[in-house]
Amino acid sequence: MIKPSPPQTIAELMQRVEAISGLTLGDLATQYQFKSPEHLLREKGWPGQLLEYVLGASAGSKPVPDFELLGIELKSLPIDYAGKPLETTYVSVVPLTNLTGIRWANSTVKKKLNHVLWLPVLAERDILPVDRTIGSGFLWQPSSAQQAALQRDWEEQIELIALGRVDEISGHLGQVMQIRPKAANSRVTTDAIGPAGKIIKTLPRGFYLKTNFTQSILMQEFKA
DNA sequence: CTTTGATCATGG
DNA sequence: CCATGATCAAAG
């Protein structure tokens, strides 16, 4: 099975999404000769990488949407038997320096979340990775209310960072989007603005969507 | 070395 | 039980 090429239209993308709904990750891995890990202890990104490949997303760690031509970002969303998200959703790296003049309107968070293809995967821990079933993927763009909530959390936390208070930030902040560590381990450091405006070393951070927010997106899509 | 893909795992 | 803090592999 050859590597799928990037979908040229949204219709083509959604056709592929519908085609894999109901299949397991193991089905796809076999079909596309992808590895099938027994557990995700050492390959936490496996579901996302497999789904990207199968749907024809551009590979790699580039600052562009997964489906560059369509401007769409792919996010797999692990859910439990009740359809609730099991994990927060990583969005992007948090900028910790050169924050002068930075604004929500130009932020990486806003860009990344402008148009998202959510792909739910039934991923309870007692289901082997290969046996996890893919659900119905759907396109989403934030409503004005959702945008506003994201903007509030972004501005509140970015302001703390700009004021040199990054080390006061914890995962408890934010109503719908939080900042948490995003690194290989807790010894990794990067530059940040410290107290008195001096550059300090701190743990790299990422923005994550809280499960209450992604759950509301699922409700909006599947309840009504 | 950094970003992207995320999930793991323990303290509260 | 669950969210926060910690962690892992691939790829550029």
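Reading the values: the criteria
Counting of residues starts from 1 at the beginning of each chain's written sequence and follows it residue by residue. Chains carry letters and ligands carry numbers; both start at the beginning, A for chains and 1 for ligands, and go up in the order they are written. In keeping with the predicted nature of the model, local features appear solely for residues at pLDDT of at least 70, side-chain atom pairs appear and are counted solely at 80 or more, and the whole-chain, interface and lining totals rest on all residues. The side-chain values count all of the structure's non-hydrogen atoms but skip hydrogen atoms and water molecules. The rule is simple: put a 1 Å grid over the protein atoms alone, call a set of points where a 1.4 Å probe fits but cannot get out a cavity, call an open set with protein on both sides within 12 Å along at least five of seven lines a pocket, and count a residue as lining if it has an atom within 4 Å of a point. Grid points are joined across faces, edges and corners, and a volume is the space filled by probe spheres set on the points. The secondary structure listing takes helices from DSSP runs of H or I that are at least 4 residues long and strands from runs of E that are at least 2 residues long, numbered from the N terminus. Here the term charged refers only to Asp, Glu, Lys and Arg, the term nonpolar to Ala, Val, Leu, Ile, Met, Phe, Trp, Tyr, Cys and Pro, and the term polar to all other amino acids, Gly among them. Being paired, for any two strands, means DSSP has found at least two bridges between them. Here a residue is considered near a molecule or strand provided that any single heavy atom belonging to it is located within 4 Å of it. Pairs of N or O atoms within 3.5 Å make up the polar contacts considered here, provided that, within protein, one atom can donate a hydrogen while the other can accept it, and that residues adjacent in sequence are counted only when both atoms are side-chain atoms. Only rings of Phe, Tyr and Trp enter the pairing, Trp through its six-membered ring, and a pair is recorded when the two centres are within 6.5 Å. The plane angle decides the type: under 30 degrees is stacked, over 60 is edge-to-face, the rest tilted. Accessible area is worked out with a 1.4 Å probe on protein chains only. A residue is then buried under 20% of its type maximum, exposed over 50%, and partly exposed in between. Remark: a charge is flagged as sitting over a ring if the NZ atom of Lys or the CZ atom of Arg is within 6 Å of the ring centre and within 35 degrees of the ring normal.

Caption draft 1: Summary view of the layout of surface pockets. Its boundaries defined by the atoms lining it, the largest pocket holds a volume of some 1,900 Å³. In terms of lining residues, the largest pocket is bounded by 45 residues, among which Lys44, Gly45, Ser76, Tyr90 and Lys182 are the most central. Contributions of two or more residues to the lining of the largest pocket are made by α3 (46–55), β1 (73–79), β2 (89–93) and α4 (108–113). Sorting elements by how many residues they give to the lining of the largest pocket places β1 first, with 6 residues. For the lining of the largest pocket, the residue count by class is 20 nonpolar, 12 polar and 13 charged. Here the second largest pocket is characterised by a volume of approximately 150 Å³. As for the second largest pocket, its lining consists of Pro4, Ser5, Arg16, Ala19, Ile20, Leu23, Leu28, Gln31, Tyr32 and Val54. For the lining of the second largest pocket, the secondary structure elements donating two or more residues are α1 (10–20) and α2 (25–31). The greatest single-element share of the lining of the second largest pocket, amounting to 3 residues, is contributed by α1. Partitioning the lining of the second largest pocket into residue classes produces 7 nonpolar, 2 polar and 1 charged.

Caption draft 2: Layout of the environment of arginine 187. Locating arginine 187 in the fold gives a position in the loop between β6 (177–181) and β7 (190–193). Along the backbone, arginine 187 and threonine 89 are 98 residues apart, and their C-alpha atoms lie at a distance of 23 Å.

Caption draft 3: Here's a closer look at the pairing of β7. As paired elements, β7 and strand β8 (residues 199–202) share 4 bridges and run antiparallel to each other. Along β8, the bridge assignment pairs alanine 192 with isoleucine 200. Taken together, β7 and the strand that follows it, β8, pair antiparallel across an intervening segment of 5 residues, in which alanine 196 is found at a positive phi of about 70°.

Caption draft 4: Looking closely at the protein's contact with DNA strand C. Residues in close proximity to DNA strand C total 21 residues, the closest being Arg42, Gly171, Gln178, Arg180 and Ala183. Here serine 186 contributes a backbone N or O atom positioned 2.7 Å from a phosphate oxygen of DNA strand C. Measuring from a phosphate oxygen of DNA strand C, one finds a side-chain N or O atom of arginine 187 at 3.4 Å.

Caption draft 5: Main features of the packing of aromatic side chains. Taken as a whole and assessed by the stated rule, the structure comprises 7 aromatic pairs. Judged by centre distance (6.2 Å) and plane angle (80°), the ring pair of tyrosine 32 and tyrosine 53 falls under edge-to-face. Of this pair, tyrosine 32 sits in the loop between α2 and α3 while tyrosine 53 sits in helix α3; the two residues are 21 residues apart in sequence, bridging distant segments of the chain. Since its relative accessible area comes to 13%, tyrosine 32 is described here as buried. Sitting over the face of the ring of tyrosine 208, arginine 180 holds its NZ or CZ atom 4.2 Å from the ring centroid. The side chain of lysine 182 reaches across the aromatic face of tyrosine 90, ending 4.3 Å from its centre.

Caption draft 6: Focus on unusual backbone geometry. The residue glutamine 33 is not glycine, and still its phi comes out positive at about 55°. Note on placement: glutamine 33 falls in the loop between α2 and α3. For glutamine 33, a relative accessible area of 66% translates into the label exposed. Non-glycine residue asparagine 98 carries a positive phi angle of around 50°. Here asparagine 98 lies in the loop between β2 and α4. Taking relative accessible area as the criterion, asparagine 98 reaches 71% and is therefore assigned exposed.

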